Amino acid sequence: MNVVIIGAQWGDEGKGKIVDYLAQDAGIVVRFSGGANAGHTIVLSDTTYALHLVPSGILYADKTVLLGSGMVIEPSALFAELEDLKSKGIQWEGRVLISDRAHLVLPRYRQVDRELESKRKKPIGTTGRGIGVAYAFKASRDGIRLADIGDEDCLQNLEKEDKAYLAEWRPRLEPMAVDLVSYLHQHQNSWTLFEGAQGALLDIDTGTYPFVSSGMSCAAGAAAQGGIGPRKIDRILGVFKAYTTRVGNGPFPTEFKDDSPGSLSSYIRTTGHEYGTTTGRPRRCGYLDLVALRYACIVNSIDRLVLTHLDVYDELPEFEACVGYRIGDKVVQDFPASVKDLEQAVPVLKKFEGWKQPIDSCQSWEDLPLKAREYVEFIEDYTQTPISIISVGSERKKTIIKESPWIRS
Ligand code: GDP
Ligand code: IMO
Ligand code: MG
């Protein structure tokens, strides 16, 4: 059975936590896109793990994890991450495999990424990891795939230092290379999780272009880049926060205007620890944008939503959520393509009463206060998508399962 998990906002929704939680019942976890721009956090009682390239199932000793064909992988960054995991007691040898169709990131791409940013009149605010450069080379057919690392014909256009870099890592990479399509076909009876990176609104096609990343973070990416055909996907889960965050530049209709100390924005940032896992940048904060979430549900065929960070609202007497955009003299519920429209959009807000009590020890739907359940039900109604999992804290165990994803629709 194949379950896909993607971000339904602008990234950092808590995908890592949810994939880690669900991986206890899976055999295989495939990360299908992105690179070291991602930062997926997993909190066990005494240790916090920040994963960038390694799929989130790695913490379980009996799971095999695969880096998918849509990923762009910098070998030195990958092995640094694996060494770090080892220093924390995670034995990874033999259970981390890499699709031989995945593309490799050369160290100099980081510099090119920074140079491109410095020339942009409106910078994107990239993570500076060379991700866009790697995907640009891939699209122009000048990229290097793992399968090609020993093929002189494929390396002929590279500089001497690039060749030396690849030659250095080749002996460690090649034993981990696998034909992902054939591997998953052979293991088609396993329960497999497909872990997305970034989020629907950062996807190169469905996101707020050009303020997006360069990979496929949409659910369709799990098929094209995760090694299975689209008909083999049984369930698609979209993870979203009780509010919205964004790191980097680009339109964000519900962003709080006031970010001063003591403001709601600063309260949410502090309470939700809203600082980038990869770059440490403060995340921009705003109310939940239901227009954007509904769009993410539709364009990704999301079967079930996963709500995280509900606990961050515990102390608020009231809060709001965006149910429409006022653009000029119209109110719309469809998410516009135009950056200008998104920048001009004035959110139409609906007020909710807070529950004013801690919920992080709630274990079931019935344990949640009525006001929290009303908020959840409103979101389900608006998006026409059931919420099957609710996360009430960063730790693995602070997770309420309303319905297991391991059932076919
Ligand atoms: P990802 O990129 O989607 O995996 O998300 P990140 O790891 O970048 O950011 C999510 C942050 O929120 C991490 O620090 C998590 O430990 C934390 N987190 C995840 N779920 C919850 C939750 O339900 N409540 C709170 N308070 N924190 C959470
Ligand atoms: P996870 O998987 C949040 C953002 C960057 C920037 C834009 C382009 O942890 O949710 P890039 O370096 O990819 O060219 O940057 O995308 N971005 C993310 N924002 N979470 C992420 O990943 C992100 N990966 C990229 O901040 O705005
Ligand atoms: Mg993240």
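Just so you know, these numbers come straight off a predicted model, no measurement behind them. (Residues numbered from 1 in each chain as written. Chains lettered and ligands numbered in written order. Predicted model: local features only at pLDDT ≥ 70, side-chain atom pairs only at ≥ 80, totals over all residues. Heavy atoms only, no water.)

A. Quick peek at the site of ligand 2. The environment of ligand 2 is formed by 20 residues, the closest being Asp 12, Lys 15, His 40, Thr 127 and Ser 213. Here Val 247 contributes a backbone N or O atom positioned 3.0 Å from an oxygen atom of ligand 2. Between an oxygen atom of ligand 2 and a side-chain N or O atom of Arg 281, the distance comes to 2.9 Å. In the complex, the protein chains occlude 98% of the 550 Å² of accessible area that ligand 2 would expose alone. One can see that ligand 2 is located within the largest pocket. Residues belonging to the shell around ligand 2 are distributed by class as follows: 7 nonpolar, 10 polar and 3 charged. (Near = heavy atom within 4 Å. Polar contact = N/O pair within 3.5 Å; in protein donor to acceptor, adjacent residues only side chain to side chain. Areas by Shrake-Rupley, 256 points an atom, 1.4 Å probe, with all protein chains shown as cover. 1 Å grid on protein atoms, 1.4 Å probe; cavity = no way out; pocket = protein on both sides within 12 Å on 5 of 7 lines; lining within 4 Å. Sits in = over half its atoms within 2 Å of the grid points. Nonpolar A, V, L, I, M, F, W, Y, C, P; charged D, E, K, R; others polar.)

B. How the structure looks around empty space enclosed by the protein. Evaluation of the coordinates by the stated rule reveals 1 cavity of 30 Å³ or more. Looking at the largest cavity, its volume works out to about 40 Å³. If you go around the largest cavity, the residues you meet are Ala 8, Gln 9, Trp 10, Leu 201, Thr 244, Asp 289, Ala 292 and Leu 293. Of the residues assigned to the lining of the largest cavity, the class counts are 5 nonpolar, 2 polar and 1 charged. (Points joined across faces, edges and corners; volume = space filled by probe spheres on them.)

C. Layout of the packing of aromatic side chains. Under the criterion given, the structure shown has 18 aromatic pairs. For the pair Tyr 295 and Phe 335, a centre-to-centre distance of 5.0 Å together with 25° between the ring planes defines the contact as stacked. A residue pair is termed long-range when its members are at least 10 positions apart, and Tyr 295 in helix 10 (residues 290-299) and Phe 335 in the loop between strand 16 (330-332) and helix 11 (339-344) qualify at 40 residues. Joined through ring pairs, the aromatic side chains of Tyr 243, Tyr 313, Phe 319, Phe 352, Trp 355, Tyr 375, Phe 378 and Tyr 382 make up one cluster. Above the ring of Phe 352, the side-chain terminus of Lys 350 is found at 5.2 Å from the ring centroid. Above the plane of the ring of Trp 365 lies Arg 373, whose end atom (NZ or CZ) is 6.0 Å from the centre. (Phe/Tyr/Trp six-rings, centres within 6.5 Å; stacked < 30°, edge-to-face > 60°. Helix = DSSP H or I, 4+ residues; strand = E, 2+ residues; numbered from the N terminus. Lys NZ or Arg CZ within 6 Å of the ring centre and 35° of its normal.)

D. Highlighting the coordination of the magnesium ion (ligand 3). Only Asp 12 (OD) and Gly 39 (O) from the protein reach the magnesium ion (ligand 3) as donors, at distances of 2.0 to 2.2 Å. Separated by 27 residues along the polypeptide, Asp 12 in the loop between strand 1 (2-7) and helix 1 (15-22) and Gly 39 in the loop between strand 2 (28-34) and strand 3 (40-44) bring together distant segments of the chain. On the accessibility criterion, Gly 39 (11% relative accessible area) is buried. (Donors = N, O, S within 2.8 Å, 3.2 Å for Na, K, Ca; no water. Buried < 20%, exposed > 50% of the residue type's maximum accessible area, 1.4 Å probe, protein only.)

E. Inspection of the site of ligand 1 at higher detail. Around ligand 1, a shell composed of 20 residues is seen, among which Lys 15, Thr 41, His 309, Asp 311 and Ser 391 lie nearest. Within the backbone of Gly 14, an N or O atom sits 2.8 Å from an oxygen atom of ligand 1. Residue Gly 16 places a main-chain N or O atom 2.8 Å away from an oxygen atom belonging to ligand 1. Among the secondary structure elements, those contributing two or more residues to the shell around ligand 1 are helix 1 and strand 3. For the shell around ligand 1, the residue count by class is 3 nonpolar, 11 polar and 6 charged.

F. Representation of the side chain of His 40. Of note, His 40 is situated in strand 3. At 2.7 Å, the side chain of His 40 and the side chain of Glu 195 are in polar contact. Leave out the neighbours within four places in its chain, and His 40 touches Lys 15, Gly 16, Arg 31, Tyr 49, Ala 50, Leu 51, Ser 56, Glu 195, Gly 196, Ala 197 and Thr 277. (Contact = heavy atoms within 4.5 Å.)

G. Inspection of unusual backbone geometry at higher detail. Between Tyr 209 and Pro 210 the backbone carries a cis peptide bond, its omega angle lying at 5°. Note that Pro 210 resides in the loop between strand 9 (192-195) and helix 8 (220-224). Of note, Lys 356 is a non-glycine position whose phi angle comes to about 45°, a positive value. Summarising the element assignment, Lys 356 is placed in the loop between strand 17 (346-353) and helix 12 (370-383). Judged by its relative accessible area of 57%, Lys 356 is exposed.

H. Looking closely at the nonpolar core. In terms of nonpolar packing, the biggest core is built from 69 residues, with Val 4, Phe 240, Leu 310, Tyr 313, Tyr 325, Tyr 375 and Ile 390 touching the most fellow members. Setting aside its immediate chain neighbours within four residues, Leu 310 contacts Ala 242, Trp 355, Ile 359, Ala 372, Tyr 375, Val 376, Ile 390 and Ser 391. By size, the runner-up hydrophobic cluster in this structure holds 57 residues, among which are Leu 53, Tyr 60, Met 71 and Leu 158. (Core = buried A, V, L, I, M, F, W, Y, C linked by side-chain atoms within 4.5 Å.)

I. Fine view of the environment of Leu 202. Structurally, Leu 202 is set in the loop between strand 9 and helix 8. Classification of Leu 202 as buried rests on a relative accessible area of 14%. For the pair formed by Leu 202 and Met 216, sequence separation is 14 residues and the distance between their alpha carbons is 8.6 Å. Ignoring sequence-local partners within four residues, the contact set of Leu 202 consists of Gln 9, Trp 10, Gly 11, Gly 207, Phe 211, Val 212, Ser 213, Ser 217 and Arg 246.

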